[in-house]
Structures are given as C-alpha cells and as structure tokens.
Amino acid sequence: VPNTPEHIACGDYLVSELKRFGAEVQEQKAVLTAYDGTKLNARNIIGSYGADKKDRVLLFAHWDTRPYSDHDPNPDNHRKPLLGANDGASGVGVLLEIARALQSTETNVGVDIIFFDAEDYGTPVFAKTQEGTDHTWCLGSQYWAKNPHVPNYKARFGILLDMVGAEGAKFYKEYYSEKYAKNIVEKVWRIAGQMNHGKYFIGKEVGGITDDHIPVNEIRRIPSIDIIHLEPDSDGNHSFFHSWHTQKDDMSNISRETLSVVGQTVLEVIYKEK
Ligand code: AHN
Ligand code: ZN
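Residues numbered from 1 in each chain as written. Chains lettered and ligands numbered in written order. Predicted model: local features only at pLDDT ≥ 70, side-chain atom pairs only at ≥ 80, totals over all residues. Heavy atoms only, no water.

1. Comments concerning the site of ligand 1
Counted only if it meets this: Throughout, the term near means that a residue has one or more heavy atoms lying within 4 Å of the molecule or strand in question. Polar contacts, as used here, are pairs of N or O atoms within 3.5 Å; protein pairs need one atom able to donate a hydrogen and one able to accept it. Residues neighboring in sequence count only if both atoms are side-chain atoms. Note on areas: Shrake-Rupley, 1.4 Å probe, and residue coverage restricted to the protein chains presented here. Within this scheme a cavity is a closed region of a 1 Å grid, computed over the protein atoms alone, that accommodates a 1.4 Å probe without allowing it to escape, whereas a pocket is open but has protein on both sides within 12 Å along at least five of seven lines; lining residues each have an atom within 4 Å of a point. A molecule is counted as occupying a cavity or pocket when more than half of its atoms fall within 2 Å of that pocket's grid points. Residue classes follow a fixed rule: Ala, Val, Leu, Ile, Met, Phe, Trp, Tyr, Cys and Pro count as nonpolar, while Asp, Glu, Lys and Arg count as charged, and any other residue, Gly among them, counts as polar.
In the vicinity of ligand 1, the residues found are His62, Asp87, Glu119, Asp120, Trp137, Asp162, Met163, Thr210, Phe240, Trp244 and His245. Aspartate 120 places a polar side-chain atom, nitrogen or oxygen, 3.1 Å from a nitrogen atom of ligand 1. The fraction of the free accessible surface of ligand 1 (320 Å²) that becomes covered by protein chains is 88%. Judged by the fraction of its atoms near the pocket grid, ligand 1 is located in the second largest pocket. Partitioning the shell around ligand 1 into residue classes produces 4 nonpolar, 3 polar and 4 charged.

2. Regarding unusual backbone geometry
The condition is simple: Where helices and strands are cited, they refer to DSSP runs of H or I of at least four residues and of E of at least two residues respectively, numbered from the N terminus. Buried residues are those whose accessible area, probed at 1.4 Å on protein chains only, stays under 20% of the maximum for their type, while exposed residues exceed 50% and partly exposed ones sit between those limits.
Phi is positive for arginine 221, close to 60°, though the residue is something other than glycine. Examined against the element boundaries, arginine 221 turns out to sit in the loop between helix H5 (213-218) and strand S8 (224-228). For arginine 221, a relative accessible area of 57% gives the class exposed.

3. Quick word on the nonpolar core
Put simply, the rule reads: The criterion is simple. A nonpolar core is a set of buried Ala, Val, Leu, Ile, Met, Phe, Trp, Tyr and Cys residues joined through side-chain atoms within 4.5 Å.
In terms of nonpolar packing, the biggest core is built from 45 residues, with Leu59, Phe115 and Ile227 touching the most fellow members. Ile46, Phe60, Ile114 and Ala155 belong to the second-largest nonpolar core, a separate cluster that totals 12 residues.

4. Some thoughts on the coordination of the zinc ion (ligand 2)
Octahedral metals with six donors have ideal donor angles of 90 or 180 degrees. Tetrahedral metals with four donors have an ideal donor angle of 109.5 degrees. Condition: Sites may look incomplete because water is not among the atoms; the donors themselves are N, O and S atoms within 2.8 Å of the metal, or within 3.2 Å for Na, K and Ca.
Within the first shell, the zinc ion (ligand 2) binds the protein through Asp87 (OD), Asp120 (OD), Asp120 (OD) and His245 (NE2), at distances of 1.8 to 2.5 Å. All donors of the zinc ion (ligand 2) come from a single chain, and their spacing in sequence reads D-x32-D-x124-H. Here aspartate 120 is found in the loop between strand S4 (110-116) and helix H3 (139-146), whereas its partner histidine 245 is found in the loop between strand S10 (238-239) and helix H6 (256-272), with 125 residues between them in sequence. Of the two residues, aspartate 120 and histidine 245, neither departs from the other in class, the shared state being buried.

5. Section: helix H1 (residues 5-20)
Keep this limit in mind: One less than the number of residues in a helix, times 1.5 Å, gives the span that helix is expected to have. This arc corresponds to the set of directions leading from the helix axis out to the C-beta atoms. Contacts are residue-level and defined by heavy atoms, with any inter-residue pair within 4.5 Å sufficient.
Its 16 residues place the ends of H1 23 Å apart at the C-alpha level, agreeing with the 22 Å of an ideal helix rising 1.5 Å per residue. Those residues of H1 that fall on the buried side of the exposure criterion are His7, Gly11, Leu14, Val15, Glu17 and Leu18. The buried side chains of H1 occupy one side of the element, clustering within an arc of 165° when seen end-on. Residues of H1 that are exposed and point more than 90 degrees away from the buried face comprise Pro5, Glu6, Ile8, Lys19 and Arg20. Its buried side turned inward, H1 meets strand S1 (24-33), strand S2 (39-49), helix H2 (85-104) and S4.

6. Considering the layout of surface pockets
Cut-off, in case you're wondering: Grid points are joined across faces, edges and corners, and a volume is the space filled by probe spheres set on the points.
Put simply, the largest pocket is a space of about 610 Å³. Contributing elements (two or more residues each) for the lining of the largest pocket: H1 and H2. Considering every element that reaches the lining of the largest pocket, the biggest residue donor is H2, with 8 residues. A per-class count over the lining of the largest pocket returns 14 nonpolar, 6 polar and 4 charged. Counted as a void, the second largest pocket has a volume near 380 Å³. Forming the boundary of the second largest pocket are 25 residues, of which Trp137, Thr210, Phe240, Trp244 and His245 lie nearest the centre. Classifying every residue of the lining of the second largest pocket by side-chain character gives 8 nonpolar, 9 polar and 8 charged.

7. Observations regarding the environment of alanine 181
Note that alanine 181 resides in helix H4 (residues 175-194). C-alpha separation for the pair alanine 181 and valine 1, spaced 180 residues apart in sequence, amounts to 31 Å. For alanine 181, the residues in contact, after removing those within four places along its chain, are Tyr176, Pro223, Ser224 and Ile225.

8. Digging into the packing of H1 against H2
Under the convention used in this document: Every axis in this analysis is a line fitted to C-alpha atoms, fitted for helices over the stretch in contact. Angles between the N-to-C directions lie between 0 and 180 degrees. Oblique is the label for every angle not falling under 35 degrees (roughly parallel), over 145 degrees (roughly antiparallel), or within 65 to 115 degrees (roughly perpendicular).
Closest axis-to-axis distance for the H1/H2 pair is 9 Å, and the angle between their directions is 25°. Between H1 and H2, the angle is such that the two are roughly parallel. Contact residues: H1 offers Tyr13, Leu14, Glu17, Leu18 and Arg20, while H2 offers Val92, Leu96, Ala99 and Gln103. Among the residues making up the contact of H1 with H2, the classes are represented as 6 nonpolar, 1 polar and 2 charged.

See the structure below:
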C-alpha cells in the first residue's frame, strides 16, 4: 500500500530480484495525487533485457495493493488494506519468473518488464461520487505513459497481466485489448490454444476494463492487451474474481497451475518473436 514502510520494503525487494535475474533496472519515482488529494510516493520499477535492441516487447503488471477492501462482505473491513495476492501480485510473480528465464535464455527482441505503482488507489465504493472517476485508477501507468523511462520509448506490443493467479481462472478477450491490439490478442490466444491452454484462454469477447493497458495504448500508443480474469454474466456484463477487493484476496486462492499456464504462454509468445 503506497505511503507505508511495507511499500518501501516491497519496492526494494522487486528491484533486487530484477537485478538478481540480470535485468538492467531503472526506477521512476513520482508524487501522484489520489482521488481524495492524498499525495502518493509512487515508484514504477523497470527491468530491461537487451537494452540496446530496437525491437522490444513490454510486459507489465501493477505491484501496489489497495488500501481499501471496499468489496468485502463485512462493512467493518471496507477501510482495511488487502493483501492483493491475485490483484496485482499474481502478475508480478509471473513476471519475476519470466525475468528468471530471460536471464538464462535470450530472446531475439528486447524485453522490458514494468511494475507499475498506484494502480489500485482508485475511488472507493464508499466515496460520495463515482461518476467520472476512471482517471483515479492506474496513476503509475498514466505517469509513465507521459514520462517514459526512455525518451520516445516504443515497443512492438505490450502485455498486461492482472489477476492471473486464481484457481480455474478464465481469460476472455477484453474489449479494449481487441480495440487497440486485435492482432496481439489473436496471437496470444492462438499460441495458448496450441499449448492446450484453451480451458483458460476463452475465445469469447467481454466488456472493457479500466486498467494499466489504457494509458499505454492511448497515451504511449503501444498496442497492448490485458490478460485479466473476468466472470461474464448472462446480461453481457462481467465481474471480477470472487475475492476481488476483499480480505480474502490472499495466497489461499492462488493456483500454481494458473500462474504456470499464463507464464508459459507469455514466454512462448516472446521467444517466438523474430
Ligand atoms: C475499475 O474498477 C474501474 N477498474 C479496475 C482496475 C483494477 C483494479 N485492476 C485491478 N484492480
Ligand atoms: Zn484492484
């Protein structure tokens, strides 16, 4: 949670892990303003492989967790922070393991891994106004998209991992991913199918999500997709996994198999790039 000692310790840990896995690490520190005016000491952490290569792929996830469990069934928990084992940390875990693989086997393209901060400090359910609050999410990625770590930074495409750890997770083709990067959605879902991961990667479209891929697409203009676990309902709407923004988003809901399926699929995608 931003502005806590644990946030500093976790950021330091991520920097040291990326360095241990041979990445060139850059940090981007910024003071960002939350929905309620709170100044957040935010830190985007960037690990690069093949930094001299022109053709690059961007992989990203958010590493902060939410200060509010505002979807918890117990109202007493609404102002408590959550662990975010799935919401945030699952994507970070997969990307750390990908970093470890990149250390031993080089890709043809350069790879940048970005851990974005301050994604999940968006307007809580208990705030007075909910309208027009989309911009209160994804503060770290908005900042990076306007101030990339390398001037005029570009990548062939980007892949965001969000909530990729729940048991039985299903990944549908998210609306903005299809809108901005349809060929990347097709590529990733095709490769997942070839790897027999069709039980996880479902060939059906669902509605759009405000997530870190939006600023990367709309501001930085890098075609980017969101691999995100959603539960579509019969009305054409969708919800997040059952413990989303509750006290139960902890390790008990995390599946090694789901993490592995996502990580193996993304590795296959990036090692296939010529
Ligand atoms: C909204 O609820 C508007 N966006 C969800 C983005 C998010 C939150 N991803 C993880 N936590
Ligand atoms: Zn969240």
